[in-house]
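Structure assessment
Below, each chain spelled out in residue letters.
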Amino acid sequence: MEVEVVAERQGLKKVSNWQRLVIKTVCESRTRNEAAQELGIKVRTLDDLLYRAYKVLDCKNLDESASKLGISR
């Protein structure tokens, strides 16, 4: 029986430019509602984009994801 080796997750290569923009906008805004209005999307959509970015980056919150992407908060 052969064991298949799975490559490690390459998080930074899979984050889309749109997700980077969302994270940057949320960092610059006071609230997620304000960031969603600035981007012209619903808060639920913004939350979904953040969740998917956190999964790709293997992070748990906005501060960790911003630091991995090099965005100052």
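Our structure's up above, just so we're on the same page.
So, here is what we can say about the structure in this document.

Conventions adopted
Residues numbered from 1 in each chain as written. Predicted model: local features only at pLDDT ≥ 70, side-chain atom pairs only at ≥ 80, totals over all residues. Heavy atoms only, no water. Helix = DSSP H or I, 4+ residues; strand = E, 2+ residues; numbered from the N terminus. Buried < 20%, exposed > 50% of the residue type's maximum accessible area, 1.4 Å probe, protein only. Contact = heavy atoms within 4.5 Å. Areas by Shrake-Rupley, 256 points an atom, 1.4 Å probe, with all protein chains shown as cover. 1 Å grid on protein atoms, 1.4 Å probe; cavity = no way out; pocket = protein on both sides within 12 Å on 5 of 7 lines; lining within 4 Å. Points joined across faces, edges and corners; volume = space filled by probe spheres on them. Nonpolar A, V, L, I, M, F, W, Y, C, P; charged D, E, K, R; others polar. Polar contact = N/O pair within 3.5 Å; in protein donor to acceptor, adjacent residues only side chain to side chain. Core = buried A, V, L, I, M, F, W, Y, C linked by side-chain atoms within 4.5 Å.

A few points about the overall build of the chain
For the chain, the count of helices and strands is five helices and zero strands. Walking the chain from its N terminus toward its C terminus, one meets helices and strands in the order α-α-α-α-α. In the chain, which comprises 73 residues, the proportion classed as buried is 33%. Across the chain, every contact between residues at least 6 apart in sequence was considered, and the portion connecting residues at least 24 apart equals 49%. Accessible area for the chain stands at about 5,800 Å²; split by element, carbon and sulfur atoms hold 47% of it.

Quick look at the layout of surface pockets
Approximately 160 Å³ is the volume found for the largest pocket. Around the largest pocket, the lining residues are Val26, Ser29, Arg30, Thr31, Arg32, Asp47, Leu50, Tyr51, Tyr54, Leu62 and Arg73. A total of four residues in the lining of the largest pocket trace back to one element, the largest contributor, which is helix H4 (residues 43-57). Per-class residue counts for the lining of the largest pocket are five nonpolar, two polar and four charged.

A closer look at the side chain of Ser29
By the element assignment, Ser29 lies in the loop between helix H2 (17-28) and helix H3 (32-39). Under the relative-accessibility criterion, Ser29 is labelled buried at 8%. At a separation of 2.8 Å, a polar atom in the side chain of Ser29 contacts the main-chain carbonyl oxygen of Thr25. Leave out the neighbours within four places in its chain, and Ser29 touches Glu34, Ala35 and Glu38.

Regarding the nonpolar core
Ranked by internal contacts, the top residues of the largest apolar core, which has 19 residues, are Val22, Ile23, Val26, Leu46, Leu50, Leu57 and Leu62. Mapped by element, the contributors of at least two residues to this core are H2, H3, H4 and helix H5 (62-69). No other element matches the seven residues that H4 contributes to this core. Excluding anything up to four places from it in sequence, Leu50 contacts Val22, Ile23, Val26, Arg32 and Leu62.

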